[in-house]
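Okay, here's what each chain looks like letter by letter:
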Amino acid sequence: MMEGNQLLSPSERSFQGAVVEFARLNGWLVYHTYDARRSEPGFPDLVLVRPPEVLFAELKSARGRPSDPQLRWLNTLSCCNTVGAALWRPADWPEIEEALARRQGSPRRKEDDE
């Protein structure tokens, strides 16, 4: 955890370590892509899950500035009020098409879950 001067001006790496440690101590599952060079530009640093919540967090040092792609991800994610989870296999292609082609904002139908 962070102490004293570290709270005032930690590096992004030490700040992230403190956030991850604190989240885990409080029962959150934490995901971080360690090598983001092959990831979607701007995807948030952390995905934190503790039902019923899912939280995406971008972490910056005190002087760090988010990039335009980071802001786009955060703004888009902040507009979401539904979280889904799926395990898909090639045989599930019809289900995949239905889920991904569903009109934006339309709720899942009850029969979707059966």
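Here is a short report on the structure shown in this document. (Residues numbered from 1 in each chain as written. Predicted model: local features only at pLDDT ≥ 70, side-chain atom pairs only at ≥ 80, totals over all residues. Heavy atoms only, no water.)

**Digging into the overall build of the protein**
Then comes step 1: Per the secondary structure count, the protein includes four helices and three strands.
Then comes step 2: Pairs at least 24 residues apart make up 33% of the contacts formed inside the protein by residues separated by at least 6 positions.
Then comes step 3: When the accessible surface of the protein is split by element, carbon and sulfur atoms take 54% of a total near 9600 Å². (Helix = DSSP H or I, 4+ residues; strand = E, 2+ residues; numbered from the N terminus. Contact = heavy atoms within 4.5 Å. Areas by Shrake-Rupley, 256 points an atom, 1.4 Å probe, with all protein chains shown as cover.)

**A closer look at helix H2 (residues 12-25)**
Then comes step 1: Here H2 contains 14 residues, and its C-alpha end-to-end distance of 20 Å stays within 8% of the 20 Å for a straight helix at 1.5 Å per residue.
Then comes step 2: Turning to H2, its buried residues are Gln16, Ala18, Val20 and Ala23.
Then comes step 3: Where H2 is buried, its residues meet strand S1 (29-32) and strand S2 (46-50).
Then comes step 4: Of the residues trailing H2, Gly27 is marked for its positive phi of about 85°. (Expected span 1.5 Å × (residues − 1). Buried < 20%, exposed > 50% of the residue type's maximum accessible area, 1.4 Å probe, protein only.)

**Here's the deal with the pairing of S2**
Then comes step 1: The pairing of S1 with S2 spans four bridges and is classified as antiparallel. Considered in S2, the bridge of Tyr31 is made with Val47.
Then comes step 2: A loop of two residues connects S2 with strand S3 (residues 53-57), the two strands running antiparallel in sequence. (Pairing = 2+ DSSP bridges.)

**Digging into the sheet that holds S2**
As a general point, the strands of a sheet are linked pairwise by backbone hydrogen bonds and lie either parallel or antiparallel.
Then comes step 1: Across the sheet, which stays open at both edges, the three strands sit in the order S1-S2-S3 with antiparallel pairing between neighbours. Whereas interior strands pair on both sides, the edge strands pair on one side only; in this sheet they are S1 and S3. Each strand of the sheet is rotated relative to its neighbour by a mean of 15°, with strand direction disregarded. (Axes fitted to C-alpha atoms, helices over the stretch in contact; angles between N-to-C directions.)

**Here we look at the pattern of salt bridges**
Then comes step 1: In total, this model carries two salt bridges according to the counting rule given.
Then comes step 2: With a closest N to O distance of 3.7 Å, Lys60 and Glu58 form a salt bridge. (Salt bridge = Lys/Arg side-chain N within 4 Å of Asp/Glu carboxyl O.)

**Describing the pairing of S3**
Then comes step 1: Here S2 runs beside S3; their pairing, made up of five bridges, is antiparallel. Across the sheet, Leu46 pairs through a bridge with Ala57, a residue of S3.

**So, the side chain of Gln70**
Then comes step 1: Summarising the element assignment, Gln70 is placed in helix H3 (residues 68-78).
Then comes step 2: Within the local environment of Gln70, its side chain forms a polar contact with the backbone nitrogen of Ser67, the two atoms lying 2.7 Å apart. (Polar contact = N/O pair within 3.5 Å; in protein donor to acceptor, adjacent residues only side chain to side chain.)

**Digging into the nonpolar core**
Then comes step 1: Of all hydrophobic cores here, the largest spans eight residues; its members are Val20, Ala23, Trp28, Val30, Leu46, Leu48, Ala57 and Leu59.
Then comes step 2: For Trp28, the residues in contact, after removing those within four places along its chain, are Ala23, Leu48, Val49, Arg50, Glu53 and Leu55. (Core = buried A, V, L, I, M, F, W, Y, C linked by side-chain atoms within 4.5 Å.)

**A few points about the state of the cysteines**
Then comes step 1: Under the criterion given, the structure shown has zero disulfides.
Then comes step 2: For Cys79, which is in no disulfide, the shortest distance to another cysteine sulfur is to Cys80 and amounts to 6.9 Å. (Disulfide = S-S within 2.5 Å.)

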